[in-house]
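# Observations on chain architecture
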Amino acid sequence: MAACSAGDCQPGCYRSADDDSVRKEKSDLINGTLSSGNVPDSANRHNLCLKCKLNKNLASSGTVSIDGDISRLCFDCFRGNLFGKFKLAVASNVMISPTDNVLVAFSVGPSSRVALQFVPEMQHKAQKNFDASRDRLLPVFAIQDMKSIVSNIAPPAKAFHVVPIDSIYSSNGRDRLKELLNAVKDMTGKEDLLQHLRMLSLQKIAHENGYTKLLLGSCTSRIACHVISATVKGQGYSLPADIQYVDARWEIPVVLPLRDCLSQELNMLCCLDGLGCLETMEVLNSPHAGINGSVASFVSLLQEENPSRECTIVRTAGKLTPFHFNQIPESGDSNTNLASRRSQKKFNLRPYESTPPESYCPICNSPLTRSDHIISCSPGSDETHGYEFGATCCPSCQFQILPKEPSSIEHFNSFLPGQFVVRAKERSYGLQR
């Protein structure tokens, strides 16, 4: 393909003659004159896409109902805008390098469904600036039978994993998980604990299958809810760790490329693009009984009143100082390391070697404040392990998840996954040294 010789082009442009004709047509439409000499009426001009000025916008198509500037775009420009957010998040935060083997957490909801669609597209459109991997497989995590959806995604082929949460246990997983959840009386605590266990299962399958990144479909809407609910639960100190593009405190770093996309946009894309997705079943049948459900309803109401509220919440929380692990650790790839250092400068992140090691809650893995580091051990209370599990947890987990009655604590601890116990031991012994 020859480079374009038009006088108004930038170096390296490969626009074809067809592109020039389209460009002229756009110019004519902008100026209100068609190639045939007819002048479009103001109503038709008002229905045209705000960006390309060629196609009808979504508001006039009548296929979806949406407010704001997005409704003034046509489908192609809307999709390109959403894909651009995804691509920019991946590239500017060094989320995925060409050597990564990526695991996508697929819940059959719109967010993860769009992520599953966009990553293969990035594989085909990948450039040398680390947009994404060109030739690595895109495996998928699933809880239900979603094989038909995954099989229809663009090549290359995807590995398909069906892994229950109880796989985090070495034996009698289903019974132990049931007993553990039944021991938590607080509805919010039960929801949070289930979320922490789900992350453990994702980390486990990623580690066992050699994946180097874990991609979640968390979008602006979900993160906005988390910002408020975490504040209500007293998790303000650890909040910055959960809302960044990258979270490398886990063994397999977690990336959130849909962080800048609204759930309304993702739902609409699935509808317009014919992407198969299902309404995910809530594990708990009382979504408004706990803090998480109440906050979700509150944020939804705010969004109805002002479509920019969710973005404002996330943008405001984003001003909090990230932790040092909110970046991809340096590797042997010099280009990736250079991009990582640029990200450090952009987001004011300190390099790993200049920061002291953090202590983490053994249940939710949240970083702990200095005041949380004090451990109140009762002599002889646990002669086998030499530590008290509850004292190593963050205040939120102590209040929402752990039993209040001392007689129930031992029963609760007996059903904990081994990973929780190992974390608590490491923290307790590290502080005692």
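Residues numbered from 1 in each chain as written. Predicted model: local features only at pLDDT ≥ 70, side-chain atom pairs only at ≥ 80, totals over all residues. Heavy atoms only, no water.

## A closer look at the confidence of the model for the protein chain
The condition that has to hold: The predictor rates its confidence in each residue with pLDDT, a number between 0 and 100. The helix count covers DSSP runs of H or I at least four residues long, the strand count covers runs of E at least two residues long, and both are numbered beginning at the N terminus. In what follows, a contact means two residues having at least one pair of non-hydrogen atoms within 4.5 Å.
Summary statistics for the protein chain give a mean pLDDT of 75 and a share of 66% for residues scoring 70 or more. Helix α9 (residues 220-232) holds the highest mean pLDDT among the elements of the protein chain, 96, whereas strand β2 (residues 140-142) holds the lowest, 37. Here residues 127-145 is a poorly scored stretch, pLDDT under 50, and it has 83 contacts once near neighbours within four places are set aside; other chains count.

## Considerations on α9
Selection rule: For a helix, the expected span equals 1.5 Å multiplied by the residue count minus one. Here's how the labels work: a residue is buried when its accessible area is under 20% of the maximum for its type, exposed when over 50%, partly exposed in between, all with a 1.4 Å probe on protein chains only.
For α9, spanning 13 residues, the distance from its first C-alpha to its last is 19 Å, which sits close to the expected 18 Å at 1.5 Å a residue. Those residues of α9 that sit buried are T220, S221, I223, A224, C225, V227, I228, S229 and A230. Here the buried face of α9 lies against α10 (239-242), α11 (263-272), α12 (291-305) and α13 (309-317). Phi for G234, located one or two positions after α9, is positive at around 80°.

## Remarks on the packing of aromatic side chains
To keep it simple, the criterion reads: We call Phe, Tyr and Trp rings a pair once their centres come within 6.5 Å, taking the six-membered ring for Trp, and we label the pair stacked below 30 degrees between planes, edge-to-face above 60, and tilted otherwise. Geometrically, a charge over a ring is one whose NZ (Lys) or CZ (Arg) sits within 6 Å of the ring centre while staying within 35 degrees of the ring normal.
By the definition in use, this model includes five aromatic pairs. Chaining the aromatic ring pairs together yields one cluster made of Y237, F323, F325 and Y360. Above the ring of Y245, the side-chain terminus of R259 is found at 4.6 Å from the ring centroid. One residue, K404, lies across the ring of F399, its end atom 5.1 Å from the ring centre.

## Observations regarding the packing of α9 against α12
Rules: For helices, the fitted axis covers only the stretch in contact; all axes are lines through C-alpha atoms, and the angles between them, taken along N-to-C directions, range from 0 to 180 degrees. Angular relationships are summarised with four words: roughly parallel below 35 degrees, roughly antiparallel beyond 145, roughly perpendicular across 65 to 115, and oblique for the angles in between. Should the near helix be turned counterclockwise from the far one by less than a right angle, the crossing is left-handed, whereas a clockwise turn marks it as right-handed. Each residue is assigned to one class: nonpolar for Ala, Val, Leu, Ile, Met, Phe, Trp, Tyr, Cys and Pro, charged for Asp, Glu, Lys and Arg, and polar for all the others, Gly among them.
Interhelical geometry of α9 versus α12 gives an angle of 130° and a closest axis separation of 9 Å. By the angle between their axes, α9 is oblique relative to α12. Seen along the crossing, α9 lies across α12 with a hand that is right-handed. Across the interface between the two elements, A224, C225, I228, S229 and V232 from α9 touch I291, N292, V295, A296, F298 and V299 from α12. Here the residues of the contact of α9 with α12 are counted per class, giving nine nonpolar, two polar and no charged.

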